[in-house]
Amino acid sequence: MALSGDGDNFRARRKRMMEAIAPGATAIMPSMPVAVRSGDVEFIYRQDSDFYYLTGFAEPESVAVLSPGHPDGEFVMFVRPRDKERETWTGRRAGVEGAIVEYGADKAYVIDELEKILPRYLEKSERVHYPLGLNEKMDERVLKLIRWAHTMRPRTGVGPSSIIDSRDIIHEARVKKEPAELEAMRRAMAISADAHKRAMMKARGGMREWQIEAEIEYAFRSQGATGPSYPSIVASGPNAATLHYINNDREMRTGELLLIDAGAEYDFYAADITRTWPIGARFTGLQRSLYEIVLDAQLKAIDAIKPGMHFDDPHEVALRVLVDGMRQLGILHGSAEEIIETGAYRRYYMHRTGHWLGMDVHDVGLYRVDGASRVLEPGMVLTVEPGLYIYPDDDEVPESFRGVGIRIEDDVLVTEDGHEVMTAATPKSIADVEALTAAQ
Ligand code: GLY
Ligand code: MN
Ligand code: MN
């Protein structure tokens, strides 16, 4: 029987992982633990991204083992057993047979057999790759077995002498996206574009922010997304100056700016989009002057993305445009060099301009290599999200600027000869935004 879903992609990733750790090592990966929300209710389960990246297996209470060259099989899974009664309550389990037939394991066992079976793999390994701290219960079980294998080492001459964090290798692989990954991301982004457009059309003065949150998440779920890839930020007026505002409970007023930072997760891949626009209205002159600075900073930062440029380049470009714009509006004083040197701009722009994006919204991968900002390569995806935030009580700026937060965020793929704005379908020019926000 053919493997389910993207079986070949997962198999190819495991093969690369095994090549990276061989010879003489075993990688053990625990699944994400289940988290309790309240009482006997759990949070909706989300598999650990690294675990899913290598296995495609979304069930909890499982362990995957990669042991290159092991005579009993190189890819071993420990999973929950089939259980007719439990499955009636909580849904189908793949079970031991499913792990082999559907997920391509060479061998599979029920999770309770970990202590019996895992030593066969550990006792022949010089090194164990394991992500400590991800799943504490599993850490306890695995460390006990590693300790045991270690005590055997003097007698047998083999067995683990070091534990290495497996994440470095997996994360380096995840930084550059494969075609199938980009496909899932494009779907997440297309759904998110619809959600942002829906919000622009629906938001009107007198509504609560949570009504718009509901519109966005309706668009996500009704198009097959898992849901938001991070808590949706729907921040009107002064709330937009709080970077991770998620209460979303204020009554909005017509003409105020609304900052929405929301992205869908589709098949384990995230979108991350921010737009800021006037509620049920056109931009006022003042809103427009601030918005244009942020938009200019964002467009110029995006232009700095191509192979050979560095991860920090878009940030430096955006920062310079923001600082120049704020000087022109009388928000900051002094030379641009001085403002950047002293960090005086941080009062109004306190975050970086982007991050990697992929299975996780703040995706894995190094930002610096050998002490320098990382060189961009085709297949990398990063966000570009400059902003300006002026607190309501900031008495150093003219009153009319106070209580304003603007951010514009797109997701950008580094291509062979430049870049592609993957989220271009979400309106951001003043004309395109006003066509939706001010429509009757
Ligand atoms: N939504 C989180 C971020 O923009 O980084
Ligand atoms: Mn972001
Ligand atoms: Mn965001």
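Rules used in this analysis
- Residues numbered from 1 in each chain as written.
- Chains lettered and ligands numbered in written order.
- Predicted model: local features only at pLDDT ≥ 70, side-chain atom pairs only at ≥ 80, totals over all residues.
- Heavy atoms only, no water.
- Near = heavy atom within 4 Å.
- Areas by Shrake-Rupley, 256 points an atom, 1.4 Å probe, with all protein chains shown as cover.
- Nonpolar A, V, L, I, M, F, W, Y, C, P; charged D, E, K, R; others polar.
- 1 Å grid on protein atoms, 1.4 Å probe; cavity = no way out; pocket = protein on both sides within 12 Å on 5 of 7 lines; lining within 4 Å.
- Points joined across faces, edges and corners; volume = space filled by probe spheres on them.
- Helix = DSSP H or I, 4+ residues; strand = E, 2+ residues; numbered from the N terminus.
- Buried < 20%, exposed > 50% of the residue type's maximum accessible area, 1.4 Å probe, protein only.

Draft legend 1. Up close: the site of ligand 1. Tyr 230, Asp 261, Asp 272, His 355, His 362, Glu 385 and Glu 409 make up every residue found near ligand 1. Taking 200 Å² as the accessible area of ligand 1 by itself, protein coverage stands at 91%. Residues of the shell around ligand 1, tallied by class, amount to 1 nonpolar, 2 polar and 4 charged.

Draft legend 2. Broad picture of empty space enclosed by the protein. Summed over all chains, the structure comprises 2 cavities of 30 Å³ or more. Considered as a void within the structure, the largest cavity measures approximately 50 Å³ in volume. Along its surface, the largest cavity is lined by Phe 311, Pro 314, His 315, Arg 352, Thr 353, Gly 354, Leu 382, Thr 383 and Val 384. Listing elements by their share of the lining of the largest cavity, those giving two or more residues are helix H11 (313-328) and strand E17 (381-384). A total of 3 residues in the lining of the largest cavity trace back to one element, the largest contributor, which is E17. Here the lining of the largest cavity is composed, by residue class, of 4 nonpolar, 4 polar and 1 charged. Taken together, Met 29, Pro 30, Asp 48, Asp 50, Phe 51, Pro 131, Leu 134, Ser 166, Arg 167 and Ile 170 make up the full set of residues lining the second largest cavity. At the level of elements, strand E1 (25-30), helix H2 (49-55) and helix H7 (167-175) are the ones that each hand at least two residues to the lining of the second largest cavity. For the lining of the second largest cavity, a count of residues per class yields 6 nonpolar, 1 polar and 3 charged.

Draft legend 3. Geometry of the layout of surface pockets. Volume-wise, the largest pocket comes out at about 700 Å³. Along its surface, the largest pocket is lined by 18 residues, and Phe 43, Ile 44, Tyr 45, Arg 46 and Thr 226 are the ones closest to its centre.

Draft legend 4. Focus on the environment of Ala 12. The topology assignment puts Ala 12 in helix H1 (residues 7-21). Looking at Ala 12, the relative accessible area reads 32%, which means it is partly exposed. Put simply, Ala 12 and Leu 54 are 42 residues apart on the chain and 8.7 Å apart in space, counted from C-alpha to C-alpha.

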